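# Fold and contact review
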Amino acid sequence: MLALLSFAPSEGRKCYVNYRPVSPLGVSCVWAEVSAPGRVRERRLYRALSGCAARLSELGVRRAVFGEGFPYRDFFLSRGFAEISAAPLLAVCAGRIAALAASGHGGALLVSDRADRLTRAAAETLCRGFRRLILDVPPGAFEALEEVCASLGAVPEPLARGRAADVDAAVFMCAPAAHILTPAACRAVFVSGGQRYLLGGREVGRVSFGLPEKYRFDLPFPALPILSAAVESGRVEPEEMKISVP
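Residues numbered from 1 in each chain as written. Predicted model: local features only at pLDDT ≥ 70, side-chain atom pairs only at ≥ 80, totals over all residues. Heavy atoms only, no water.

Within the protein, the regular secondary structure consists of six helices and 15 strands. In terms of principal-axis extent, the alpha carbons of the protein reach across some 65 × 40 × 35 Å. Residue burial in the protein is summarised as follows: out of 246 residues, 46% are buried. As displayed, the protein offers around 12900 Å² of accessible surface, 49% of which is attributable to carbon and sulfur atoms. Each charge class in the protein was averaged separately, 30 positive and 24 negative side chains, and the resulting centres sit 9 Å apart. (Helix = DSSP H or I, 4+ residues; strand = E, 2+ residues; numbered from the N terminus. Buried < 20%, exposed > 50% of the residue type's maximum accessible area, 1.4 Å probe, protein only. Areas by Shrake-Rupley, 256 points an atom, 1.4 Å probe, with all protein chains shown as cover. Lys, Arg positive; Asp, Glu negative; His and termini not counted. Charge placed at Lys NZ, Arg CZ, Asp CG, Glu CD.)

If you want it as structure tokens, here you go:
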């Protein structure tokens, strides 16, 4: 369950929180809307916010999506709530994004510190979309990803000692151990850091995700974190999404 936190100005003098259950994209959420007047006593506001944090915690909710301009974001983060990010969504779709953004499909680079489910999925997608796959991963992970590629008739290559890769696209599941040189035309997807380690290429920007009409929802919250949570929980299959890149 997630918390959706928004703010609405109050016309009176009281601070209060309205709660309602919602399920955007099939994800179970509690929408907590904090209302407070323009001028409010700090003690009164603190009591309302603390009560909201306590109630959400009692429900087992520790992850949150904040509405645009929500003024009490830092309060909830300081109370141990974690803000939902789009990283899980990006990780699931990294291979597809790289393939769509690349100007050519001769080679791709995959950087990771493990061969987990998401990295294996990215390797599989890159093997299908590019003729060559170069890996910058630990030895144990290389062997595991080698098996994934072998099932598709592909043979991955380790990153050369000079850390230069002649590739059209790159996927960074994490930051690499050192800088990597790629052609200027290389398009890179960064799931969890690594931007400052890429020399020569550029990051894919403004990725758009589309869903069938049945998934539409009208709530005053950013869609990407909710979509990310839906994909992470299996409520939305990645194959159902239409991805567009500039």
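Spatially, five strands are ordered β2-β3-β1-β4-β5 in an open sheet, and the strand pairing comes out mixed. Whereas interior strands pair on both sides, the edge strands pair on one side only; in this sheet they are β2 (16-22) and β5 (82-83). Direction of pairing for strand β4 (residues 63-66) relative to β5: parallel, over a ladder of two bridges. Opposite R63, over in β5, you have A82 as the bridge partner. Each of β1 (2-9), β2 and β3 (29-36) is contacted by helix α1 (residues 42-58), which is oriented at about 25° to β2, the strand it contacts most. (Pairing = 2+ DSSP bridges. Contact = heavy atoms within 4.5 Å. Axes fitted to C-alpha atoms, helices over the stretch in contact; angles between N-to-C directions.)

Let us look at the pattern of salt bridges. For the structure shown, the criterion picks out nine salt bridges. With a closest N to O distance of 3.0 Å, D113 and R114 form a salt bridge. Under the relative-accessibility criterion, D113 is labelled partly exposed at 41%. A residue is classified by how much of its surface remains accessible, and R114, at 47% relative accessible area, is partly exposed. In the salt-bridge network here, residues are joined through shared partners; they are R73, D74 and E83. (Salt bridge = Lys/Arg side-chain N within 4 Å of Asp/Glu carboxyl O.)

Turning our eyes to something else, we now look at the packing of aromatic side chains. Within this structure, the stated rule accounts for nine aromatic pairs. Relative to F76, the ring of F70 has its centre 6.0 Å away and its plane inclined at 45°; by these criteria the two rings are tilted. Comparing F70 with F76 shows no difference in burial state: the two are buried. Pairing F172 with F190 gives two aromatic rings, centres 4.8 Å apart and planes at 25°, and the pair type is stacked. You can see F172 sitting in strand β9 (residues 169-172) and its partner F190 sitting in strand β11 (residues 187-190), a full 18 residues away along the chain. Each member of the pair, F172 together with F190, is buried. Members of the aromatic cluster, joined through ring pairs, are F7, Y46, F66, F70, Y72, F75, F76 and F81. Taking the ring centre of W31 as reference, the NZ or CZ of R20 above it sits at 4.2 Å. Sitting above the plane of the Y19 ring, R55 keeps its charged end 4.0 Å from the centroid. (Phe/Tyr/Trp six-rings, centres within 6.5 Å; stacked < 30°, edge-to-face > 60°. Lys NZ or Arg CZ within 6 Å of the ring centre and 35° of its normal.)

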